[in-house]
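Below, each chain spelled out in residue letters.
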Amino acid sequence: MKRVKNLSILKGILGIVFTLAISMNIFAVIQLNGSGHGYCDDPSKPECSPTPGGFAAITEPMVPGFIDRSIEQGAAAYLNAYSAYLSFLNRIELSGQNSLDCTEAEKILVDALQNINTAKDVYYQLVVAAEATPYNPSVLAQLAAFDYEGYMKAQGLEIGIFKKVRGYLQSGDITGTYIFTYSRVKEIESMLTAIKATLVLKTTPVLQDLWKVNELFAGTLLFGQYTARVFTEIK
């Protein structure tokens, strides 16, 4: 009965993440979205002007919209990776009834690795672009004045993760949220690579490692989602 219940929960999570991954191409609001408004990467933004500390401070040519597009592409790849990983966990869950097909499981994990590698590359480019682009002072002022405590309580958000988001945004460190996401994605990639190595040897991965990767995926997704929530509120 417990196994049936766990499988039902897993299928529910799979359905949610698959839906999110598909919808990312239509309406991207899941992972860090909206944070691109915090940068002066487009001369058409009325709050930004070519003054000292503004556009004149940038030595590399700007590509308007690059930060927003990178956020969307990174989120799409991340959600695809998580979807594949949950499919992999589905095979692990069923292996209690039937022995694990390591060859099939490895193929699914390779898909997750390919997508997380894409996400890593995109987030790296995002960090580089953000570090070279000045902030939008109007957005920073809104982030500093935002009622984080009230919003967290009203929405029933996970305290630990939201406080981490608050630490970055309230201090005006939007780029820090990208660096944090990039570092977590690299950690996920490293752990997925290690799990894949066990499958190559036709060995079932260590359960604690599977839990850790899932927690990293879920926690990073919530971090990005809470960031997107804040930017949605201050629009």
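Only a predicted model underlies this, so the values are computations on that prediction, with no experimental measurement involved.

**Student:** Can you help me understand the packing of aromatic side chains in this one?
**Tutor:** Where two aromatic rings form a pair, the distance of their centres and the angle of their planes describe that pair. Summed over the entire model, instances satisfying the criterion amount to 15 aromatic pairs. Centre to centre, the rings of Phe180 and Phe223 are 4.4 Å apart; their planes meet at 45°, and the pair counts as tilted. Of this pair, Phe180 sits in helix H7 (residues 174-200) while Phe223 sits in helix H8 (residues 207-234), and the two are 43 residues apart along the sequence. Overall, Phe223 belongs to the buried group, its relative accessible area being 1%. Put simply, the rings of Tyr78, Tyr82, Tyr85, Phe88 and Phe217 pair up and form one aromatic cluster.

**Student:** Help me understand the side chain of Glu189 in this model?
**Tutor:** Mapped onto the fold, Glu189 is located in helix H7. Accessibility expressed as a relative area gives 15% for Glu189, which makes it buried. The residues touching Glu189, leaving out its near neighbours within four places in the chain, are Leu113, Ile116, Asn117 and Lys120.

**Student:** Just to check I follow, could you spell out unusual backbone geometry for this structure?
**Tutor:** What you tend to see is this: most non-glycine residues have negative phi, and most peptide bonds are trans. Here Leu32, not a glycine, exhibits a phi torsion of approximately 70°, which is positive. Structurally, the position occupied by Leu32 is in the loop between helix H1 (2-23) and helix H2 (66-94). Residue classification places Leu32 among the buried positions, given a relative accessible area of 0%. Unusually for a residue other than glycine, Lys202 sits at a positive phi of about 60°. Locating Lys202 in the fold gives a position in the loop between H7 and H8. Classification of Lys202 by relative accessible area gives exposed; the value is 51%.

**Student:** How do you make sense of the nonpolar core when you look at a structure like this?
**Tutor:** Soluble globular proteins tend to bury their nonpolar side chains together. Core analysis: the biggest nonpolar cluster contains 62 residues, and Tyr85, Phe88, Tyr178, Leu192 and Phe217 have the highest contact counts within it. Elements supplying a minimum of two residues to this core: H2, helix H3 (102-131), helix H4 (137-145), helix H5 (148-155), helix H6 (159-170), H7 and H8. Look past the residues within four positions of Phe88 in its chain and what remains in contact with it is Ala105, Ile108, Leu109, Ile195, Leu199, Pro205 and Leu210.

**Student:** Help me understand the environment of Leu192, please; the structure alone is not making it clear to me.
**Tutor:** Looking at where Leu192 falls in the secondary structure, it is placed in helix H7. Judged by relative accessible area, Leu192 falls into the buried class, the value being 0%. When the C-alpha atoms of Leu192 and Ala112 are compared, they prove to be 8.0 Å apart, with 80 residues separating the residues in sequence. Among residues more than four places away in sequence, those in contact with Leu192 are Tyr85, Leu109, Ala112, Leu113, Ile116, Val213 and Phe217.

Conventions and cut-offs
- Residues numbered from 1 in each chain as written.
- Predicted model: local features only at pLDDT ≥ 70, side-chain atom pairs only at ≥ 80, totals over all residues.
- Heavy atoms only, no water.
- Phe/Tyr/Trp six-rings, centres within 6.5 Å; stacked < 30°, edge-to-face > 60°.
- Helix = DSSP H or I, 4+ residues; strand = E, 2+ residues; numbered from the N terminus.
- Buried < 20%, exposed > 50% of the residue type's maximum accessible area, 1.4 Å probe, protein only.
- Contact = heavy atoms within 4.5 Å.
- Core = buried A, V, L, I, M, F, W, Y, C linked by side-chain atoms within 4.5 Å.

That's the geometry; what it means functionally is another story.
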